[in-house]
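Here is what each chain is made of, one letter per residue.
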Amino acid sequence: MTPLELTHLAAGEKSAPVTDWAARIGWLVGLALFIALVYWLMREGWKWRGTLQGDLPELPTSPEAPGEAKLTMSGRYHGSTTAGQWLDRIVAHGLGTRSRVELTLTEAGLDVVRPGATDFFIPAGALREALLGKGIAGKVLSEGGLLVVTWAHGDRLIDSGFRSDHAAEHAEWVDTLNSMINKNLETTDTEGAR
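Criteria and thresholds
As a convention, each chain's residues are numbered from 1 in the sequence order in which they are written. Only residues with pLDDT of at least 70 are given local features in this predicted model, and only at 80 or more are side-chain atom pairs given and counted; all residues enter the totals for whole chains, interfaces and linings. Side-chain metrics rest on all non-hydrogen atoms present in the structure, leaving aside hydrogens and water. Ring pairs shown here join Phe, Tyr and Trp side chains whose ring centres sit within 6.5 Å, with only the six-membered ring taken for Trp; geometry is labelled stacked below 30 degrees between planes, edge-to-face above 60, and tilted in between. Numbering goes from the N terminus for both helices and strands, where a helix is a DSSP run of H or I of at least four residues and a strand is a run of E of at least two. Here's how the labels work: a residue is buried when its accessible area is under 20% of the maximum for its type, exposed when over 50%, partly exposed in between, all with a 1.4 Å probe on protein chains only. A pairing counts as a salt bridge when a side-chain nitrogen of Lys or Arg comes within 4 Å of a carboxyl oxygen of Asp or Glu. For this analysis, a nonpolar core means a set of buried residues of the types Ala, Val, Leu, Ile, Met, Phe, Trp, Tyr and Cys, connected via side-chain atoms within 4.5 Å. The contact criterion used is simple: two residues touch if any of their non-hydrogen atoms lie within 4.5 Å. Here, a strand pair is defined by DSSP locating no fewer than two bridges between the strands. Axes here refer to lines fitted to C-alpha atoms; in helices the fit is confined to the stretch in contact. Angles between the N-to-C directions go from 0 to 180 degrees.

**Student:** How should I be thinking about the packing of aromatic side chains in this particular structure?
**Tutor:** Each aromatic ring pair is specified by the distance between its two centres and by the angle formed by the two planes. The final tally for this structure, using the stated rule, is three aromatic pairs. Summarising the aromatic geometry, the rings of tyrosine 77 and phenylalanine 162 are spaced 5.6 Å apart at their centres and angled 50 degrees between planes, so their arrangement reads as tilted. With tyrosine 77 in strand S1 (residues 71–82) and phenylalanine 162 in strand S9 (residues 156–164), this residue pair connects regions lying 85 residues apart in the sequence. Of the two residues, tyrosine 77 and phenylalanine 162, neither departs from the other in class, the shared state being buried. Relative to tryptophan 151, the ring of phenylalanine 120 has its centre 5.7 Å away and its plane inclined at 15 degrees; by these criteria the two rings are stacked. On the criterion of sequence distance, the pair formed by phenylalanine 120 in strand S4 (residues 120–123) and tryptophan 151 in strand S8 (residues 146–153) is long-range, its members being 31 residues apart. Of the residues examined, phenylalanine 120 reaches a relative accessible area of 1% and is grouped as buried.

If you want it as C-alpha cells, here you go:
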C-alpha cells in the first residue's frame, strides 16, 4: 500500500462521537431551574397583585332567603377585572381564580356559586350593567361568547366574566339583568325625589 492509500483509509474510518453526558445533564438542570424561577416569579407577582388589591372589602355572601330564581346558568367563571379594563385582573378574595360556576339570579341579586373557589353574592343594588363581550383577563372568545356583569363593590366597579355551557342563554341574561338594573334605578330615583 502506498502512503496515499493509507492516508485515505485512515481518513475514511472514524469512530462515532462520544456523548458528553455531563454537559447534557448540566443543560437540563439549568433549564429546569430557569422554568422553576419563572414559575416562582409569576406566583410572587400574583401574590403581590393580591396585596395591592387588599383595600377591596370582603365579598358579600348570599342572604338566607334570596327569593325565587328568575334565571339559572351553569358554566365557567373566567375572572374579574377593573370595569372597562379587561386586562387588569382582580385577584383579591379569590376573584382571580377561574372555575366552574352556578349562577342564580333572584330579586335580591346574583348568587355566584363556585365549586372549589370562593362563592360570592352581588346584591341587586350593586349591579350596574350586563353585556355580551368577547374577552376578559387573558381569555378571548368569539364575539358575544362571554356574559360580562358590571357591579359595584366598595369604591370600585368590577367586571366579572361568565360563559354558559349553552351560549344561547347569554342574550336572555343580558336582557333580564339590564331590565332589573333599570327597574332598580327607577325605584331609587323615585325614592330620592320624595
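Now that the structure is up, let's keep going.
**Student:** How do you make sense of the pattern of salt bridges when you look at a structure like this?
**Tutor:** Side-chain pairs of opposite charge can arise whenever the charged atoms involved come near each other. As enumerated under the stated definition, the model contains three salt bridges in all. With a shortest N-O distance of 3.3 Å, lysine 47 and glutamate 44 are connected by a salt bridge. Taken together, the residues span about one helical turn, with lysine 47 and glutamate 44 both in helix H2 (residues 21–52) at a distance of three residues. Lysine 47 gets classed as partly exposed once you look at its relative accessible area, which sits at 42%. By relative accessible area, glutamate 44 is classed as partly exposed at 28%.

**Student:** Got a minute to help me understand the nonpolar core in this structure?
**Tutor:** Note on soluble globular proteins: their nonpolar side chains tend to be buried together. In this structure, Leu95, Leu103, Leu110, Phe120, Val149, Phe162 and Trp173 are the most contacted members of the largest nonpolar core, which totals 29 residues. Where this core is concerned, the elements lending two or more residues are S1, strand S2 (99–106), strand S3 (109–113), S4, strand S5 (127–133), S8, S9 and helix H3 (169–193). Among the elements that take part in this core, H3 stands out by supplying five residues, more than any other. Valine 149 has contacts with Leu110, Leu127, Glu129, Ile158, Asp159, Ser160, Phe162 and Leu177, leaving out every residue within four places of it along the chain. Counting five residues, the second largest nonpolar core, distinct from the first, contains Ile136, Ala137, Leu141 and Val148.

**Student:** Would you take a moment to explain the sheet that holds S9 for this structure?
**Tutor:** Strand pairing in a sheet relies on backbone hydrogen bonds. The paired strands run either parallel or antiparallel. Strand order in the open sheet formed by seven strands is S4-S3-S2-S1-S9-S8-S5, and the pairing between neighbours is antiparallel. Only two strands of the sheet have a single partner each, and these edge strands are S4 and S5. Adjacent strand axes in the sheet meet at a mean angle of 30 degrees, parallel and antiparallel pairs treated alike. Where S1 and S9 come together, seven bridges link them in antiparallel fashion. Bridging across to S9, serine 80 finds its partner in serine 160.

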